[in-house]
Amino acid sequence: MRTIFSKIIAGEIPGDIVYRDDLVTAFRDINPQAPTHILIVPNKEIPTADDVEAADEAALGRMLLAAKQIAREQGIAESGYRLIINCREHGGQEVYHLHMHLLGGRRLGPMLSSAQ
Ligand code: 5GP
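Below: a short report on this structure. (Residues numbered from 1 in each chain as written. Predicted model: local features only at pLDDT ≥ 70, side-chain atom pairs only at ≥ 80, totals over all residues. Heavy atoms only, no water.)

### A few points about the overall build of the chain
A tally of helices and strands in the chain yields three helices and five strands. Since a compact globule built from 116 residues should have a radius of gyration of about 13 Å, the 14 Å found for the chain is in line with a globular shape. The buried share of the chain, reckoned over its 116 residues, is 34%. Taking contacts inside the chain between residues at least 6 apart in sequence as the whole, the part at least 24 apart equals 58%. (Helix = DSSP H or I, 4+ residues; strand = E, 2+ residues; numbered from the N terminus. Rg over C-alpha atoms; globule rule 2.2 N^0.38 Å. Buried < 20%, exposed > 50% of the residue type's maximum accessible area, 1.4 Å probe, protein only. Contact = heavy atoms within 4.5 Å.)

Okay, here's the thing in structure tokens:
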């Protein structure tokens, strides 16, 4: 199923793209939760982290390498950052096209804010 992220990747709707290669695209989150909030997305439409296959290994690895490069370019590599992948309902996933959040630019606090 095609999502808004596929349309951003294809250039059909605008996105603030900060990185692009043959396997992944990264763009700024429309509703940032930190001074730097970038979404790193495989170009292939993989719905969730639970849908990855062995054939996706290169794209999945590239997501981390892209995160490292983008963090440097955004000036948050030394201060640090957080990478998050939400999966399905309990994980809080809203857009069903796999993506990794790159968050930084301030202290992010505890990993989970709500009670158990
Ligand atoms: P999830 O909750 O699925 O892990 O995260 C989805 C993220 O996508 C949210 O942080 C949300 O702000 C972001 N988002 C939703 N729609 C759009 C959009 O049209 N453009 C951009 N750049 N980000 C979006």
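Now that the structure has been shown, we can carry on.
### Overview of the site of the ligand
Taken together, 16 residues lie near the ligand, and D29, N86, E94, H99 and H101 sit nearest. One nitrogen or oxygen atom from the main chain of I30 is found 3.3 Å from a nitrogen atom belonging to the ligand. The backbone of E94 places a nitrogen or oxygen atom 2.6 Å from an oxygen atom of the ligand. Contact with the protein chains removes 85% of the 520 Å² of surface that the ligand exposes when unbound. The cavity where the ligand resides is the largest pocket. (Near = heavy atom within 4 Å. Polar contact = N/O pair within 3.5 Å; in protein donor to acceptor, adjacent residues only side chain to side chain. Areas by Shrake-Rupley, 256 points an atom, 1.4 Å probe, with all protein chains shown as cover. 1 Å grid on protein atoms, 1.4 Å probe; cavity = no way out; pocket = protein on both sides within 12 Å on 5 of 7 lines; lining within 4 Å. Sits in = over half its atoms within 2 Å of the grid points.)

### Some details on the side chain of D29
Inspection of the secondary structure puts D29 in the loop between strand 2 (24-28) and strand 3 (36-42). For D29, the side chain forms a polar contact with the main-chain nitrogen of N31, separated by 2.8 Å. Residue contacts for D29: discarding those within four places in its chain leaves H37, I38, L39 and H101.

### Digging into the pairing of strand 5 (residues 100-104)
With five of five residues buried, strand 5 is to be regarded as a mostly interior element. Because side chains alternate across strand 5, one face comprises the buried residues M100, L102 and G104, and the other comprises H101 and L103, equally buried. Bridging between strand 3 and strand 5 involves five bridges; their strand directions are antiparallel. Residue pairing in the sheet places L39 in a bridge with H101 of strand 5. Judged from the four bridges that link them, strand 4 (residues 81-84) and strand 5 form a sheet pairing that is antiparallel. Opposite I84, over in strand 5, you have H101 as the bridge partner. (Pairing = 2+ DSSP bridges.)

### A few points about the nonpolar core
I40 and I70 are the most contacted members of the largest nonpolar core, which has 15 residues in total. Looking at this core, the elements that each hand over two or more residues are strand 2, strand 3, helix 2 (57-73) and strand 5. Here this core gets five residues from one element, more than from any other, and that element is helix 2. The residues contacting I70, other than those within four sequence positions of it, are V18, Y19, A26, I38, I40 and L102. (Core = buried A, V, L, I, M, F, W, Y, C linked by side-chain atoms within 4.5 Å.)

### Brief notes about a nonpolar patch on the surface
There is a patch of nonpolar side chains on the surface, built from L64, Y81 and L83 and spanning about 250 Å² of accessible area. Relative to the helices and strands, L64 is located in helix 2. (Patch = residues over 30% accessible without salt bridge, like charges linked within 9 Å, V, L, I, M, F, W, Y side chains within 5 Å. Salt bridge = Lys/Arg side-chain N within 4 Å of Asp/Glu carboxyl O.)

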